[in-house]
Structure formats: structure tokens, C-alpha cells
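The lines below spell out each chain.
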Amino acid sequence: MRSSFLPNSFLHNSFLPNSFLHNSTKNMNIISPLAYVSPKARLGDNNVIGPFCVIGDDVVMGSDNHLLNNVTLHDGARIGSGNEFFPGASIATKPQDLKYRGEQTTAEIGDNNSIRENVTISRGTASKGKTVVGSGNLLMENMHIAHDCVLGNGCIIGNSTKFAGEVTVHDNAIISAVVLCHQFCNIGGYVMIQGGSRFSLDIPPYVIAGREPTRFCGINIIGLRRRGFSNDTIDIIHDTYRTIYSHGIIKDGIAEARAKYPDSKECAYICQFFEQSKRGVIR
């Protein structure tokens with residue numbers, strides 16, 4: 001299914017499993033004697049918790065998760081089911097933000113994510129109250145998700161990439177290694193961002209972004225075809241960007257694109273992304 005916007009689950013907690021709603025005994029889990037699991041933590045079933053893992057008091061975790069070793073789930077961690085955490089991962093860490101005053105916040109992670117070595121995910125601040133990571137993501141070694149970020153589903157984030165606070169990443173984005181993303185940026189769905197990029201503007205959906213400074217480098221045609229987009233749909237996406245970027249005033253280009261493709265969900269997504277951008281969009 002191709003979702004143009006972040007799923008409704010980010011507006012509720014519906015993506016969290018029902019196992020969050022009750023306490024399960026730890027007899028159904030495999031816990032290393034070298035791990036520490038707080039008796040106040042709430043765990044589902046069939047979790048494997050390796051040596052030297054630490055699970056804090058205010059942690060809620062679903063079922064079928066695998067914590068290899070040296071994984072830390074801090075207070076405020078809300079973990080779905082079927083996730084794999086590699087050594088050194090640290091989830092729901094205290095935000096690296098001076099406005100944080102110890103308020104109770106969370107880091108919420110969905111299902112079936114692969115969270116590799118030394119990944120750090122901060123919990124939220126009073127700004128939004130939570131950091132959210134969806135489902136089916138691959139977060140590669142040493143990458144960081146700061147406070148109050150929202151990461152969609154099906155994303156691939158490369159080694160050592162860093163998201164500052166309150167960044168939003170839409171579904172199926174591919175962000176290469178060592179990318180630095182400024183706070184409050186918005187990254188559209190189905191993008192491909194070149195390794196080593198650094199940017200402080202929004203990255204619109206369906207595009208390739210790269211070079212120095214980071215800018216629009218065309219449509220992510222290979223990625224879109226792999227995701228099942230038809231050639232006709234890709235042509236509409238391509239012409240939508242051609243229309244928008246050919247105008248000196250973006251607002252005029254958006255109006256023309258909407259008039260040309262009134263029934264295209266992809267065109268509507270692109271236009272709405274530009275209209276709602278607060279930081280400005282790369283060109």
C-alpha cells in the first residue's frame with residue numbers, strides 16, 4: 001500500500017500491541033541471568049533478553065522481541081513486537097535538550113524494526129511528549145534519533161546518520177550514511193538522500209537529494225519502480241516537479257500542477273508538502 005502521508009497510528013497509540021494493556025509474567029521470556037529487568041517493567045511473551053541488557057522501571061514491551069546484549073531500555077520506552085535490538089542500542093535516553101526538565105515522556109517504537117549497534121533514540125520533551133518510530137524500519141549502526149522526532153514505516157536509515165530534534169520522516173524514505181539533518185526538518189516519503197548530505201531545508205517526496213549544498217537531483221525512479229509505481233504515475237510525479245520548479249514563485253507552480261492533475265494523489269501530496277513547509281523546500 002502506498003501511503004502519501006504519515007499513518008493515523010501516529011495520532012493515536014493504535015500501533016502499540018494489546019500486550020501493552022496488561023502485565024505478563026516473565027516466565028514466558030528468556031532472560032539472561034546477566035541481564036537486569038526491573039520488576040516494574042511490563043513485558044509480553046517470548047522475548048529474548050541477552051546478557052548485560054538493562055530494562056528500567058517504566059518500560060512496556062510487547063512480544064517476540066530480541067535484545068542481543070548490552071541493550072538499554074530506559075524509562076519511557078514503549079516497544080512493540082518482533083523488534084531486534086543489537087548490542088549498544090540505547091532507547092528512550094534522556095533528551096539532549098536544555099529545555100527538558102525531567103517531565104514524563106516516552107519513546108514509542110512499533111513492530112518488526114531492526115535497530116542495529118549503538119543506535120540511540122531519545123524520548124520526547126514537553127514540546128510533543130514523545131518520540132515515535134513506526135514499523136518495519138532498518139536503523140543502521142550508530143545513528144541517532146533525537147527528541148520528539150517522528151519516523152514513519154519502512155524506512156532505511158544509514159550508518160551514523162543523525163536527526164536533530166522534532167524531525168519528521170515519512171514512510172519508505174531511504175537516507176544514506178552520515179547524513180546530518182537540522183532540527184524541525186520534514187523529509188517526504190520515498191526519497192533517496194545521498195550519503196554525507198547535510199541540510200536545513202525540507203526534502204520533498206519521491207525525489208533524489210544530494211550534492212553540496214543539498215538540492216533536488218531528480219525523481220527517485222528506480223526506488224519508485226521497486227515500490228510498484230506505474231510509469232504513468234512516475235510521469236505525473238516528474239511533471240509535477242517540472243511544473244513547480246519552473247516557476248519563480250512556487251505558489252504559482254503549485255496552482256498549475258493542481259490544475260493539471262486534479263485526481264492524482266501523488267501530485268496532491270507533493271503540493272501539500274510544499275504548502276505546509278515551514279523551513280522551505282530544497283530546489
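What you are looking at is a predicted structure, and each value in this text was computed from that prediction instead of being measured.

Draft legend 1. Broad picture of the overall build of the protein. Regarding its fold elements, the protein presents four helices and 28 strands. Taken over C-alpha atoms, the radius of gyration comes to 20 Å for the protein, in line with the 19 Å a tight globule of 283 residues would show. Overall, the protein is about 65 × 40 × 30 Å in size when its C-alpha atoms are taken along their principal axes. Looking at the protein residue by residue over its 283 residues, the buried ones come to 52%.

Draft legend 2. Geometry of the environment of Ser114. Mapped onto the secondary structure, Ser114 falls in strand S13 (residues 114-115). Each C-alpha atom, one on Ser114 and one on Gly228, is 23 Å from the other, the two residues being 114 residues apart in sequence. Residues contacting Ser114, with those up to four places away along its chain left out, are Glu84, Phe86, Asn137, Leu138 and Leu139.

Draft legend 3. Fine view of the sheet that holds strand S10 (residues 84-85). Strand order in the open sheet formed by 11 strands is S1-S4-S7-S10-S13-S16-S19-S22-S25-S27-S28, and the pairing between neighbours is mixed. The two strands at the open ends of the sheet, each matched to only one other strand, are strand S1 (30-31) and strand S28 (215-219). In this structure, strand S27 (residues 207-210) lies alongside S28, joined through three bridges in antiparallel fashion. Bridge pairing links Ala209 to Phe216 in S28.

Draft legend 4. The nonpolar core, seen in detail. Leu73, Ile121, Phe163 and Ile187 are the most contacted members of the largest nonpolar core, which has 66 residues in total. In terms of residue count, the dominant contributor to this core is helix H4 (residues 265-276) (six residues). Other than its neighbours up to four places away in sequence, Phe163 contacts Met143, His144, Ile145, Ala146, Cys149, Ile157, Val169, Ile175, Cys181 and Ile187.

Draft legend 5. Just H4, in detail. In a regular helix each residue adds 1.5 Å, so 12 residues correspond to 16 Å; H4 covers 16 Å between its end C-alpha atoms and thus fits that length. Within H4, burial applies to Glu266, Cys267, Tyr269, Ile270, Cys271, Phe273 and Phe274. On its buried face, H4 sits against strand S24 (186-187), helix H2 (231-245) and helix H3 (250-260). Its side-chain oxygen at 3.4 Å from the backbone nitrogen of Glu266, Ser264 defines the N-terminal cap of H4.

Draft legend 6. Representation of the packing of aromatic side chains in the model. Taken as a whole and assessed by the stated rule, the structure comprises nine aromatic pairs. An angle of 75° between the planes, with centres 5.8 Å apart, marks the rings of Tyr206 and Phe229 as edge-to-face. With a gap of 23 residues between them, Tyr206 in the loop between strand S26 (198-199) and S27 and Phe229 in the loop between helix H1 (221-226) and H2 connect regions that are remote in the sequence. Among the residues examined, Phe229 registers a relative accessible area of 5% and is labelled buried. Among the aromatic side chains, those forming a connected cluster through ring pairs are Tyr190, Tyr206, Phe229 and Tyr269.

Draft legend 7. Seen up close, the sheet that holds S24. Taken in spatial order, the eight strands of this open sheet run S3-S6-S9-S12-S15-S18-S21-S24, and their pairing is parallel. Two strands lie at the open edges of the sheet, namely strand S3 (42-43) and S24, each paired on one side alone. Alignment of S3 against strand S6 (residues 60-61), held across two bridges, turns out to be parallel. What sits directly across from Arg42, in S6, is Val60.

Draft legend 8. Spotlight on the pattern of salt bridges. For the structure shown, the criterion picks out eight salt bridges. One salt bridge in this structure joins Asp239 and Arg242, with 2.8 Å as the shortest N-O distance. You can see Asp239 and its partner Arg242 sitting in helix H2, three residues apart, about one turn around the helix. One salt bridge connects Asp239 with Lys260, and the closest N-O pair in it is separated by 2.7 Å. Residue Asp239 is located in helix H2, and its partner Lys260 is located in helix H3; the two are separated by 21 residues in the primary sequence. It is possible to trace a salt-bridge network through shared partners that takes in Asp239, Arg242 and Lys260.

Draft legend 9. Representation of unusual backbone geometry in the model. In this structure, the amide linkage connecting Glu212 to the following residue, Pro213, adopts the cis form with an omega of 0°. Within the fold, Pro213 resides in the loop between S27 and S28. Even without being glycine, Phe52 reaches a positive phi, approximately 65°. Looking at where Phe52 falls in the secondary structure, it is placed in the loop between strand S4 (48-49) and strand S5 (54-55). In this model, Tyr190 sits at a positive phi of 65°, which is unusual for a non-glycine residue.

Draft legend 10. Spatial organisation of H3. Among the residues making up H3, those that are buried are Gly253, Ile254 and Ala257. Seen end-on, H3 carries its buried residues on one side only, within an arc spanning 100°. Among the exposed residues of H3, those oriented more than 90 degrees off its buried face are Lys251 and Ala259. Contact partners of the buried residues in H3: H2 and H4.

The rules behind each value
Residues numbered from 1 in each chain as written. Predicted model: local features only at pLDDT ≥ 70, side-chain atom pairs only at ≥ 80, totals over all residues. Heavy atoms only, no water. Helix = DSSP H or I, 4+ residues; strand = E, 2+ residues; numbered from the N terminus. Rg over C-alpha atoms; globule rule 2.2 N^0.38 Å. Buried < 20%, exposed > 50% of the residue type's maximum accessible area, 1.4 Å probe, protein only. Contact = heavy atoms within 4.5 Å. Pairing = 2+ DSSP bridges. Core = buried A, V, L, I, M, F, W, Y, C linked by side-chain atoms within 4.5 Å. Expected span 1.5 Å × (residues − 1). Polar contact = N/O pair within 3.5 Å; in protein donor to acceptor, adjacent residues only side chain to side chain. Phe/Tyr/Trp six-rings, centres within 6.5 Å; stacked < 30°, edge-to-face > 60°. Salt bridge = Lys/Arg side-chain N within 4 Å of Asp/Glu carboxyl O. Arc of directions from axis to C-beta.

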